[in-house]
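Remarks on the overall topology
Residue-level listing of the chains:
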Amino acid sequence: MKTAKISGHWGEAMAAEYLRKKRYEIIACNYHTRFGEIDLIARDRKTVVFVEVKTRRDDSYAQAREFVTGRKQARIKASAEIWLEKNETALQSRFDVIEVYAPEGMDTKRPEIIHLEDAF
């Protein structure tokens with residue numbers, strides 16, 4: 001039996017769609033700096049949100065959020081500082097994690113999405 005592949009970019013697309021449905025505006029995807037990458041940058045009326053997306057088949061090994069280590073958080077924060085320097089805004093900023101669980105990989109029709117606001 002062939003196992004379905006799972007892609008981080010697919011998970012990011014699912015997370016972006018989820019945020020759009022919650023009335024967020026997606027500002028950037030895969031924003032790169034010398035420190036690393038921010039998967040999604042979004043905003044609602046009051047907040048600019050820097051989002052780390054973790055896609056997994058399940059949480060049998062660990063919850064997806066557990067892969068957002070302190071080192072990863074520091075790199076995301078450093079990248080966010082660069083974005084904020086280049087994109088002046090009066091909005092508050094926040095760091096979220098979105099977990100996308102897709103048991104059938106990219107063939108999953110309705111992945112489970114867990115949005116952790118103000119995760120770090």
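Our subject is the structure that appears above.
Below is a summary of the structure that appears in this document. (Residues numbered from 1 in each chain as written. Predicted model: local features only at pLDDT ≥ 70, side-chain atom pairs only at ≥ 80, totals over all residues. Heavy atoms only, no water.)

What to know about the pairing of strand E4 (residues 92-101)
For E4, the buried fraction is high: 8 of the 10 residues fall into the buried class. Two strands pair when backbone bridges link them, and strand E3 (residues 47-56) and E4 are joined in this way by 10 bridges, in the parallel orientation. Its bridge partner being in E4, glutamate 52 is matched across the sheet by valine 97. For the crossover from E3 across helix H2 (residues 70-86) to E4, the handedness is right-handed. In this structure, E4 lies alongside strand E5 (residues 112-116), joined through 5 bridges in antiparallel fashion. (Buried < 20%, exposed > 50% of the residue type's maximum accessible area, 1.4 Å probe, protein only. Helix = DSSP H or I, 4+ residues; strand = E, 2+ residues; numbered from the N terminus. Pairing = 2+ DSSP bridges. Right-handed = clockwise from strand over helix to strand, strands pointing away.)

A word on the layout of surface pockets
If you add up the space inside the largest pocket, you get close to 160 Å³. Lining the largest pocket are Trp10, Met14, Glu17, Tyr18, Lys21, Thr108, Lys109, Arg110, Pro111 and Ile113. For the lining of the largest pocket, the leading source of residues is helix H1 (residues 8-21), giving 5 residues. (1 Å grid on protein atoms, 1.4 Å probe; cavity = no way out; pocket = protein on both sides within 12 Å on 5 of 7 lines; lining within 4 Å. Points joined across faces, edges and corners; volume = space filled by probe spheres on them.)

Quick notes on H1
In a regular helix each residue adds 1.5 Å, so 14 residues correspond to 20 Å; H1 covers 20 Å between its end C-alpha atoms and thus fits that length. All of the buried residues in H1 are Trp10, Gly11, Glu12, Met14, Ala15, Ala16 and Leu19. Looking at the buried positions of H1, the neighbouring elements they touch are strand E1 (25-33), strand E2 (36-43), E3, E4 and E5. Near the N-terminus of H1, the side chain that reaches the backbone nitrogen of histidine 9, with its oxygen 3.1 Å away, is that of serine 7. Immediately beyond the C-terminal end of H1, within one or two residues, lies arginine 23, with a positive phi of roughly 70°. (Expected span 1.5 Å × (residues − 1). Contact = heavy atoms within 4.5 Å. Polar contact = N/O pair within 3.5 Å; in protein donor to acceptor, adjacent residues only side chain to side chain.)

Comments concerning H2
For an α-helix the count is 3.6 residues per turn, leaving residues at separations of three or four pointing the same way. Taking 1.5 Å per residue as the helical rise, H2 with its 17 residues ought to reach 24 Å, and the 25 Å between its terminal C-alpha atoms agrees with that figure. For H2, the set of buried residues is Lys72, Ile76, Ala78, Ser79, Ala80, Ile82 and Trp83. For H2, the secondary structure elements touched by its buried residues are E1, E2, E3 and E4.

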